[in-house]
Amino acid sequence: MSRPTLATIHSGALRHNLGVVRRHAPHSRVFAVVKANAYGHGLACAARTLRDADGYALVELGAALELRQSGYRQPILLLEGFFEPRELAEITAHHLAAVVHSREQLAMLGELPAGAGLEVYLKLNTGMNRLGFAPAEFGAVLAALKSNAGVGRITLMTHFASADEVRGVTWQMDIFERVTGGVSLPKSLANSAAIMRYPETQADWVRPGIMLYGCSPFPEQTGAEIGIRPAMTLESQVIAVQTLKKGETVGYGGVFAAGRNTRVGVVACGYADGYPRHAPTGTPIMVEGRMTRTVGRVSMDMLCADLTDIPEARVGSRVVLWGEEVPVEHVAAAAGTVGYELLCGLAPRVRVVERE
Ligand SMILES: *Cc1c(COP(=O)(O)O)cnc(C)c1O
């Protein structure tokens, strides 16, 4: 048998989650955000399963071209736009839409041939202070785009910094409305957290990412708690069982010492599979259908689980690292990160299968 480390992508969950987006934002068109290999779920699989979305959004030009080559005709938005002028020919040839967020990009658009019809998402910086034009320069930039004969349709956009936190979006919404209120162009603002919590942000296009994959954008809730279903299960098996006497340690650094006689299952999954090395002893994990905890340090190819209270567990027992039974949000919280990072960090060596 091959190495048992396996990621299952649940297409039914992806479709269910798109339905949840639709119910929350019934009047908006939906860009399914499929950057970073669809948050680790596989671009081809996610795009196919989410083909009822109105468009796709991502950051990688190569992946956008793959979607076009696979026959997808929906709008495709490049969330960071272009990085050098020579990308523009390909972008316009394949009818990709590009975010324009900087003076440098604006200058590159000077080389755009008249009639190229480049669709632009003009980004306003409303306080995230990452990408986008300042409110004071927005009018002039919009005028420049409108007078550029190579630019086609223009949509106005911004991105929220704290839609998942108590700080919320109002402070950014106020700026967006003040600057763009009088402009009758389509608008796009909301990520997953804003879609769920702030319906006033939904506008013409929403941009859900993480919620499509069944992971909560909110630190205090799991996906299940907000009505979405995890689209990825990462599982493996116990490949060895050790019995530690009180005081003995397991794994690198001996950071876990048994406080009593302890049965330990060695699991074929480590940080080279995308499991977080920073997950400490006590991180939730499921063995043979029972919840338990990891013990000791996660290594490249293996980690250890406490089997002391699961006497039926043995070599070959199924282990769930995350998925429906073990919320990825809980594993991430234990490791000091977020579900986003764990999902998109799934390593290429992990076998991936798709299931309904
Ligand atoms: C990644 C991204 C999104 C999706 O965010 P989620 O929190 O995953 O829903 C939306 N908009 C932009 C600009 C992004 O970069």
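Structure's up top.
Residues numbered from 1 in each chain as written. Predicted model: local features only at pLDDT ≥ 70, side-chain atom pairs only at ≥ 80, totals over all residues. Heavy atoms only, no water.

Moving on, we get to the environment of Ile-226. Within the fold, Ile-226 resides in the loop between β9 (205-206) and β10 (232-244). For Ile-226, a relative accessible area of 14% corresponds to the buried category. As a C-alpha pair, Ile-226 and Met-211 span 15 residues in sequence and 9.5 Å in three-dimensional space. Aside from chain neighbours lying at most four places away, what touches Ile-226 is Met-196, Ser-216, Pro-217, Phe-218 and Gln-221. (Helix = DSSP H or I, 4+ residues; strand = E, 2+ residues; numbered from the N terminus. Buried < 20%, exposed > 50% of the residue type's maximum accessible area, 1.4 Å probe, protein only. Contact = heavy atoms within 4.5 Å.)

Below, the discussion takes up the site of the ligand. The environment of the ligand is formed by Val-33, Lys-35, Tyr-39, Leu-79, His-159, Asn-191, Ser-192, Arg-207, Pro-208, Gly-209, Ile-210 and Tyr-340. One of the side-chain nitrogen or oxygen atoms of Tyr-39 is found 2.5 Å away from an oxygen atom of the ligand. Considering the ligand on its own, with 390 Å² of exposed area, one finds that the protein chains cover 92% of that surface. Split into classes, the residues belonging to the shell around the ligand amount to six nonpolar, four polar and two charged. (Near = heavy atom within 4 Å. Polar contact = N/O pair within 3.5 Å; in protein donor to acceptor, adjacent residues only side chain to side chain. Areas by Shrake-Rupley, 256 points an atom, 1.4 Å probe, with all protein chains shown as cover. Nonpolar A, V, L, I, M, F, W, Y, C, P; charged D, E, K, R; others polar.)

With that settled, the discussion passes to the packing of aromatic side chains. Under the criterion given, the structure shown has six aromatic pairs. Geometrically, the ring pair formed by Phe-31 and Tyr-121 is edge-to-face, given 5.8 Å between the ring centres and 70° between the ring planes. Here Tyr-121 lies in strand β6 (residues 118-123) and Phe-31 lies in strand β2 (residues 29-33), a separation of 90 residues in the sequence. Overall, the relative accessible area of 0% leaves Phe-31 in the buried class. Taken together, a centroid distance of 4.7 Å and an interplanar angle of 25° make the contact between Tyr-39 and Tyr-213 stacked. Here Tyr-39, found in helix α2 (residues 35-39), pairs with Tyr-213, found in the loop between β9 and β10; they are 174 residues apart in sequence, far enough to count as distant. One exposure class covers both Tyr-39 and Tyr-213, and it is buried. Grouped by ring-pair contacts, the aromatic residues Phe-31, Tyr-121 and Trp-205 constitute a single cluster. Over the face of the ring belonging to Trp-171 we find Arg-167, whose NZ or CZ atom lies 3.8 Å from the ring centre. (Phe/Tyr/Trp six-rings, centres within 6.5 Å; stacked < 30°, edge-to-face > 60°. Lys NZ or Arg CZ within 6 Å of the ring centre and 35° of its normal.)

Along helix α8 (residues 170-180), the residues that are buried comprise Gln-172, Met-173, Phe-176, Val-179 and Thr-180. Buried residues of α8, viewed axially, fall in a sector of 140°; they line one side. Its buried side turned inward, α8 meets α7 (135-146), β7 (151-157) and β8 (187-188). (Arc of directions from axis to C-beta.)

Right, let's get into the pairing of strand β5 (residues 97-100). Residues of β5 alternate between two faces, with Ala-97 and Val-99 on one and Ala-98 and Val-100 on the opposite face, all of them buried. Sheet topology note: the strand β4 (residues 76-78)/β5 ladder contains two bridges and is parallel. Considered in β5, the bridge of Leu-77 is made with Ala-97. Remark: the β4/helix α5 (residues 87-93)/β5 crossover connection has right-handed handedness. Of the strand pairs in this sheet, β5 and β6 are connected by four bridges, and their pairing is parallel. Following the sheet pairing, Ala-97 is matched in β6 by Glu-119. (Pairing = 2+ DSSP bridges. Right-handed = clockwise from strand over helix to strand, strands pointing away.)

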